[in-house]
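# Breakdown of the fold
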Amino acid sequence: MSIGMRSDTFERLFEQHAERLFSFLAYRTGNRALAEDLLSETFERVLRSHHRFDPRRGSEQRWLYTIALNLLRDHARRRVHEERALQHVGAGASRPETDPGLAAVENRDELHRALAVLSDDEREAIALRFGADLKLRDIARVLGDGESAVEGRIYRALRKLHEELD
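## Digging into the overall build of the chain
In terms of helices and strands, the chain carries 7 helices and 0 strands. Its helices and strands in sequence order give the chain the pattern α-α-α-α-α-α-α, from N to C terminus. Counting the 166 residues in the chain, one finds 33% classified as buried. In the chain, 65% of the contacts between residues at least 6 apart in sequence involve partners at least 24 apart. With an accessible surface of roughly 10900 Å², the chain has 47% of that area assigned to carbon and sulfur atoms.

## Observations concerning the side chain of Glu122
Counting through the fold element by element, Glu122 comes out in helix α5 (residues 120-131). Taking relative accessible area as the criterion, Glu122 reaches 5% and is therefore assigned buried. In terms of polar contacts, Glu122 uses its side chain to reach the side chain of Lys160, at 2.9 Å. In contact with Glu122, not counting residues within four places along its chain, are Arg153, Arg156, Ala157 and Lys160.

## Some words on the packing of aromatic side chains
Under the definition given, this model contains 4 aromatic pairs. Between the aromatic rings of Phe53 and Trp63, the centroid separation amounts to 5.0 Å while the plane-to-plane angle is 40°, which identifies the pairing as tilted. Pair noted here: Phe53 is in the loop between α2 (32-49) and α3 (60-88) and Trp63 is in helix α3, with a separation of 10 residues, a long-range link. Look at Phe53 and you get partly exposed, because its relative accessible area is 21%. In textbook terms, an aromatic cluster arises when at least three aromatic residues are bridged by ring pairs, as seen for Phe10, Phe14 and Phe43. The ring of Phe130 is capped by Arg129, whose NZ or CZ atom sits 5.3 Å from the centre of that ring.

## Section: the environment of His17
Along the chain, His17 falls in helix α1 (residues 7-29). By relative accessible area, His17 is classed as buried at 12%. Along the primary structure His17 and Tyr65 are separated by 48 residues, whereas in three dimensions their C-alpha atoms are 9.4 Å apart.

## A look at the nonpolar core
If you look at the biggest cluster of nonpolar residues, it comprises 40 residues, and the most contacted ones within it are Leu21, Phe24, Leu25, Phe43, Val46, Tyr65 and Leu128. For this core, the secondary-structure elements that each account for two or more residues are α1, α2, α3, α4 (102-116), α5, α6 (136-143) and α7 (147-165).

## Notes on α7
The end-to-end C-alpha distance of α7, which contains 19 residues, comes to 27 Å, matching closely the 27 Å that a straight helix rising 1.5 Å per residue would cover. Every buried residue belonging to α7 is among Val150, Arg153, Ile154, Ala157 and Leu161, and all of these are buried. On an axial view of α7, the arc spanned by its buried residues comes to 95°, and they lie on one face. The exposed set on the far side of α7, more than 90 degrees from its buried face, consists of Ser148, Tyr155, His162 and Glu163.

## Considering the packing of α5 against α7
A packed helix pair is summarised by two numbers, namely the angle formed by the two axes and the spacing between the axes. The interhelical angle for the contact between α5 and α7, taken along N-to-C directions, is 95°, at an axis separation of 9 Å. Classified by the angle between their axes, α5 and α7 sit roughly perpendicular to one another. Of α7, the residues touching α5 (which contributes Asp121, Glu122, Ala125, Ile126, Arg129 and Phe130) are Arg153, Ile154, Arg156, Ala157, Leu158 and Lys160. For the contact of α5 with α7, a count of residues per class yields 6 nonpolar, no polar and 6 charged.

What counts and how
Residues numbered from 1 in each chain as written. Predicted model: local features only at pLDDT ≥ 70, side-chain atom pairs only at ≥ 80, totals over all residues. Heavy atoms only, no water. Helix = DSSP H or I, 4+ residues; strand = E, 2+ residues; numbered from the N terminus. Buried < 20%, exposed > 50% of the residue type's maximum accessible area, 1.4 Å probe, protein only. Contact = heavy atoms within 4.5 Å. Areas by Shrake-Rupley, 256 points an atom, 1.4 Å probe, with all protein chains shown as cover. Polar contact = N/O pair within 3.5 Å; in protein donor to acceptor, adjacent residues only side chain to side chain. Phe/Tyr/Trp six-rings, centres within 6.5 Å; stacked < 30°, edge-to-face > 60°. Lys NZ or Arg CZ within 6 Å of the ring centre and 35° of its normal. Core = buried A, V, L, I, M, F, W, Y, C linked by side-chain atoms within 4.5 Å. Expected span 1.5 Å × (residues − 1). Arc of directions from axis to C-beta. Axes fitted to C-alpha atoms, helices over the stretch in contact; angles between N-to-C directions. Parallel < 35°, antiparallel > 145°, perpendicular 65-115°, else oblique. Nonpolar A, V, L, I, M, F, W, Y, C, P; charged D, E, K, R; others polar.

It is worth stressing that arrangement in space is one thing and function is another; only the former is reported here.
Take a look at the structure:
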């Protein structure tokens, strides 16, 4: 590869982590196409910044999820700015619902509203646990927190979700 990372190293990283990382991103965004885009951007950054990876500072998995989380946060900030701009020019008017799977959309919307009551840290922990299906130990490494702190965060988030969805 002309970028400097050995192709076998990149392929191994992709093979080992792409599926779970995609699941995490899809769970977090609720949008498979966006998750695919973010996954591609994550691995593009891996290619461009592989020289910054320091195994003494953390695992490859933590590095990948940190990149993905940063991209996810950047996307969320852009989306907020875009929505404000649309509302400012009056284009934020409600649209009629045309999706035949209205019940599925309503359920997803209800879940998104429930997720909105969580803090960013709680949403990330829930997404890593259930979206990426990571173990508590791995979530703690990705987030740079202790296992007990992450466990408490997940417990509180699940309790809040249960209250919102009842």
